[in-house]
Amino acid sequence: MFISFEGIEGAGKSTAQRLVADFLQARGHDPLLTREPGGCSLGRNLRSILLDARLSRLSGRAELYLFLADRAQHVAEVIRPALDAGQTVLCDRFTDSTLAYQGYGRGLDTEYLRNANETATGGLTPELTLLLDLPVADGLSRAGRRNREEGTVISEGRFDSESLDFHERVRRGYLALADEEPQRFAVIDATEPPEDVAMQCLSAVEAALGRRGRGLE
Ligand code: TYD
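Residues numbered from 1 in each chain as written. Predicted model: local features only at pLDDT ≥ 70, side-chain atom pairs only at ≥ 80, totals over all residues. Heavy atoms only, no water.

Chemist: So what's going on with the overall build of the protein chain? Which residues, and what values?
Modeler: Each helix and strand counted, the protein chain has eight helices and five strands in total. The secondary structure elements of the protein chain, listed N-terminal to C-terminal, are β-α-β-α-α-β-α-α-β-α-α-β-α. For the protein chain, the C-alpha radius of gyration of 16 Å lies close to 17 Å, the compact-globule estimate for 217 residues. Overall, the C-alpha framework of the protein chain stretches about 50 × 40 × 35 Å when taken along its three principal axes. A burial count over the protein chain gives 48% of its 217 residues as buried. Surface summary for the protein chain: the accessible area is close to 10300 Å², and the carbon and sulfur share equals 51%. Counting 26 positive and 34 negative side-chain charges, the protein chain places the centres of these two groups 3 Å from one another. (Helix = DSSP H or I, 4+ residues; strand = E, 2+ residues; numbered from the N terminus. Rg over C-alpha atoms; globule rule 2.2 N^0.38 Å. Buried < 20%, exposed > 50% of the residue type's maximum accessible area, 1.4 Å probe, protein only. Areas by Shrake-Rupley, 256 points an atom, 1.4 Å probe, with all protein chains shown as cover. Lys, Arg positive; Asp, Glu negative; His and termini not counted. Charge placed at Lys NZ, Arg CZ, Asp CG, Glu CD.)

Chemist: I'd like to hear about the nonpolar core, residue by residue, with values.
Modeler: If you look at the biggest cluster of nonpolar residues, it comprises 41 residues, and the most contacted ones within it are Ile3, Val20, Leu130, Leu132, Cys201 and Val205. For this core, the element with the highest residue contribution is helix α8 (residues 194–213), accounting for six residues. (Core = buried A, V, L, I, M, F, W, Y, C linked by side-chain atoms within 4.5 Å.)

Chemist: Run through a negative patch on the surface, naming residues and quoting values.
Modeler: A contiguous patch of negative charge on the surface is contributed by Asp189, Glu192, Glu195 and Asp196. Checked against the element boundaries, Asp196 lands in helix α8. A relative accessible area of 32% means that Asp196 is categorised as partly exposed. (Patch = residues over 30% accessible without salt bridge, like charges linked within 9 Å, V, L, I, M, F, W, Y side chains within 5 Å. Salt bridge = Lys/Arg side-chain N within 4 Å of Asp/Glu carboxyl O.)

Chemist: So what about the sheet that holds strand β4 (residues 128–133)? Which residues, and what values?
Modeler: A sheet is described by the order of its strands in space; here five strands give the open sequence β2-β3-β1-β4-β5, paired in parallel fashion. Each edge of the open sheet is held by one strand with a lone partner, namely β2 (31–35) and β5 (185–189). Across the sheet, the axes of successive neighbouring strands diverge by a mean angle of 20°, strand direction being ignored. Across five bridges, the pairing between β4 and β5 is parallel. (Pairing = 2+ DSSP bridges. Axes fitted to C-alpha atoms, helices over the stretch in contact; angles between N-to-C directions.)

Chemist: An account of the environment of Pro37 is requested, with residue identities and associated values reported.
Modeler: Relative to the helices and strands, Pro37 resides in the loop between β2 and α2 (41–50). We classify Pro37 as buried; its relative accessible area is 8%. Sequence-wise, Pro37 and Phe166 are 129 residues apart; in three dimensions their C-alpha atoms are separated by 20 Å. If we skip the residues at most four places from it in the chain, Pro37 touches Arg47, Leu50, Phe67 and Asp70. (Contact = heavy atoms within 4.5 Å.)

Chemist: Lay out the site of the ligand with the relevant residues and their values.
Modeler: In the vicinity of the ligand, 17 residues are found, and the nearest of them are Glu9, Lys13, Arg93, Thr98 and Gln102. Between the ligand and the protein, one listed contact pairs an oxygen atom with a side-chain N or O atom of Lys13 at 3.0 Å. Thr98 places a side-chain nitrogen or oxygen 2.6 Å from an oxygen atom of the ligand. Contact with the protein chains removes 94% of the 540 Å² of surface that the ligand exposes when unbound. Listing elements by their share of the shell around the ligand, those giving two or more residues are α3 (60–84) and α4 (95–105). Top element by residues in the shell around the ligand is α4. It accounts for four residues. For the shell around the ligand, the class distribution of residues is five nonpolar, three polar and nine charged. (Near = heavy atom within 4 Å. Polar contact = N/O pair within 3.5 Å; in protein donor to acceptor, adjacent residues only side chain to side chain. Nonpolar A, V, L, I, M, F, W, Y, C, P; charged D, E, K, R; others polar.)

Shape is all these values report; function is a separate question.
Okay, structure coming up:
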């Protein structure tokens, strides 16, 4: 089973990923936690280029192809082999990040991006996508706090320094994607207290496991 975690900066994706991993482990699964960008060795090198604030003059298309190169290698080297070996893969960001950030955020054509994602992944789609949704101002202030705690200057992110409007477009884009594919997406209200966010995530995972068990996917 392949589960992705999506959302704007500071939405709590990596906390949700760890929570789901613990839940699955307790039920005898063998989850693999990974992320984009940077889930494979090529990606770790690309990550420093992609996320380097000083390279903010990178063109939108050049940026896109770096994310796609990372994804193609990550699928081939990490995700596919793990799925073939029967592991459950939990990926922090995947194809929907490209649609939300490069599509809705940067304004690249979403149909073009869908085809590009398809080429990069060989058609691999998550069975479940947990979209952690919260207002942009909340997400950015959480991300800012985390960066200060970790001593990172404006995160490693080129995206933290984007306008509020950019992040609003990304958030709205994610919600539009979720509307288009309600059977794959579970929209999690990340403004709720942590226990409630956890409950929402785990019940979505249980429902997906149930559908799988009944052979509906
Ligand atoms: P990262 O530091 O991993 O942020 P986060 O903790 O929010 O995941 O930075 C990843 C950044 O890259 C994030 O701002 C989203 C962006 N991104 C894209 O624009 N397109 C993509 O396809 C992916 C995978 C990420």
